Amino acid sequence: MSPAPRVIRAALQGPRPAYIYDLAVVRERVAALRAALPEGTRIAYAMKANGHPAVVRAALDAADGLEVASTGELQAATDELRAATDELQAAAGGLGTATGKLVLFSGPAKSDEGLRAAVAGGAVINVESLHELRRLPAGARICLRVNREHAALPGTHRMTGAATQFGLAEDDLERAVHTARRGGHEVLGFHLHAVSNNLDAAAHGAYIDDCIAWAQRQQGPLGVADPWVNVGGGFGVDVTGAAGFDLAALKIERKITPGRLIVEPGRFVAAEAGWYATEVVDVKRSHGTWFAVVRGGTHHFRLPASWGYSHPFTVLPVDDWPYGFERPEVRDARVTVAGEQCNPRDVLSRDEPVQRLRAGDVLLYARTGAYGWEVAHHDFLKLEHPAFTVLDPGATG
């Protein structure tokens, strides 16, 4: 994806290193997913992908709620919802207008404090175990997360259909429903998130169909009428740009009551909305390899190192050169991009082709809006954090 002119301007004129987030893309991604899903599907943005307040607010405006996976995210979601409610109240003349947005609380190791806060705030709990269920304050609204048997879905992180720390075993379901009702909880349905970052849209549609069918079969045996079917996220993004999740192939055939199907996209919403811009400090050759050394690195953007791939970039030429001596450069070669750490694994790209690259130029990394800053080791060597530039072409005033 070629960067939009506004992104290029931000990368060249703003501070560096920096993350650049384009809120128009956030809204467009939610809208595109909504159009591909059955009418009435509720979309809850997964905050773990990118928790920047502006990104969360844009996603919340376009979606039906938020999925959170920690007490800290729960508090941030509560703050965002409160701010959105205040804005609606002001626009309505202080008449107490509510947002009507969902908050879904996930995670396999929720604290008692988090559970209490979630129940008090009206969040829906995606319950992971019998023990968690017993620790819930009375009156919770819950979905039971189930690690059920199913055909493997392609993706980078498999959550269910295998031995993982996530969800209840199917043979614990009946006991879980009885325990929930004894505790005064409302069992809304099931949480069936299976995998992260699946690029096979046809397989994803078939999986959602299978989830709906499975959940509907539980109505009689478990007495959960017209259940919610929360299939989680998993809508993939190829960060190299080599492939994509084809929404046209996302076919869902099973019928479900509007409002009962829930998805929790994170990466799909945020990845394409973010860019990482960094300045080339040096260009040099070592043992037959050309290196571009940049200000920044994996302490800002760790995904290439942790996943073991080379992230492509766009070279933005910068003609200004403040020194009176020769400018380091390379032409028509393959370049490895390394960061500023004292660490040979601080590498963002390997053997990427460039026509011309000079010290002082800017490298712009696309598709870095999800799991970029969020998963980086921020404070290693006490290096500076990046700046954050937010673009909102739809804003008024």
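This one's a predicted model, so the numbers in the text were calculated from it and none came from an experiment. (Residues numbered from 1 in each chain as written. Predicted model: local features only at pLDDT ≥ 70, side-chain atom pairs only at ≥ 80, totals over all residues. Heavy atoms only, no water.)

> How would you summarise the overall build of the protein chain if you had to cite specific residues and measurements?
Helix and strand counts for the protein chain stand at eleven helices and 19 strands. Taking 21 Å as the expected radius of gyration for a compact globule of 397 residues, we find that the protein chain reaches 23 Å, a close match to that expectation. Scored against the burial criterion, the 397 residues of the protein chain give a buried share of 51%. Taking the contacts inside the protein chain whose residues are at least 6 apart along the sequence as the reference set, 73% of them involve residues at least 24 apart. A total accessible area of about 17,400 Å² is found for the protein chain, and carbon and sulfur atoms account for 50% of it. The averaged location of the 46 negative side-chain charges in the protein chain is 2 Å from the averaged location of its 41 positive side-chain charges. (Helix = DSSP H or I, 4+ residues; strand = E, 2+ residues; numbered from the N terminus. Rg over C-alpha atoms; globule rule 2.2 N^0.38 Å. Buried < 20%, exposed > 50% of the residue type's maximum accessible area, 1.4 Å probe, protein only. Contact = heavy atoms within 4.5 Å. Areas by Shrake-Rupley, 256 points an atom, 1.4 Å probe, with all protein chains shown as cover. Lys, Arg positive; Asp, Glu negative; His and termini not counted. Charge placed at Lys NZ, Arg CZ, Asp CG, Glu CD.)

> Quick one: what's the story with the nonpolar core, residue by residue and with numbers?
Counting 107 residues, the largest nonpolar core has Tyr-45, Ile-142, Leu-144 and Phe-190 as the members making the most contacts within it. No other element matches helix H8 (residues 201–217), which puts seven residues into this core. Grouped together as the second largest cluster of nonpolar side chains are eight residues, Leu-102, Leu-104, Leu-188 and Trp-228 included. (Core = buried A, V, L, I, M, F, W, Y, C linked by side-chain atoms within 4.5 Å.)

> Describe the packing of helix H2 (residues 23–36) against helix H3 (residues 53–62), and please don't skip the residues or the numbers.
Interhelical geometry of H2 versus H3 gives an angle of 35° and a closest axis separation of 9 Å. Taken as a pair, H2 and H3 cross one another with a handedness that is right-handed. Within the contact between the two elements, H2 uses Leu-23, Val-26, Arg-27, Val-30 and Arg-34 and H3 uses Ala-54, Val-55, Ala-58, Ala-59 and Ala-62. A breakdown of the residues in the contact of H2 with H3 according to their chemical character gives eight nonpolar, no polar and two charged. (Axes fitted to C-alpha atoms, helices over the stretch in contact; angles between N-to-C directions. Left-handed = near helix turned anticlockwise from the far one by under 90°. Nonpolar A, V, L, I, M, F, W, Y, C, P; charged D, E, K, R; others polar.)

> How would you explain the packing of aromatic side chains if you had to name every residue and give the values?
If you walk through the whole model with that rule in mind, you get 16 aromatic pairs. Ring plane angle 80° and centroid distance 5.2 Å describe the contact between Phe-190 and Trp-214, whose orientation is recorded as edge-to-face. You can see Phe-190 sitting in strand S9 (residues 186–191) and its partner Trp-214 sitting in helix H8, a full 24 residues away along the chain. The exposure classification of Phe-190 matches that of Trp-214, with both residues buried. Ring geometry for Phe-235 against Phe-268: centres 6.4 Å apart, planes inclined by 65°, an arrangement best described as edge-to-face. Residue Phe-235 is found in the loop between strand S11 (228–230) and strand S12 (261–263), and its partner Phe-268 is found in helix H10 (residues 267–270); the two are separated by 33 residues along the sequence. The exposure class of Phe-235 is buried, given its relative accessible area of 2%. Taken together, the ring pairs in this structure connect Tyr-19, Tyr-21, Tyr-276, Phe-301, Phe-313, Tyr-365, Trp-373 and Phe-388 into an aromatic cluster. Here the basic side chain of Arg-29 rests over the ring of Phe-268, its NZ or CZ set 3.9 Å away from the ring centre. (Phe/Tyr/Trp six-rings, centres within 6.5 Å; stacked < 30°, edge-to-face > 60°. Lys NZ or Arg CZ within 6 Å of the ring centre and 35° of its normal.)

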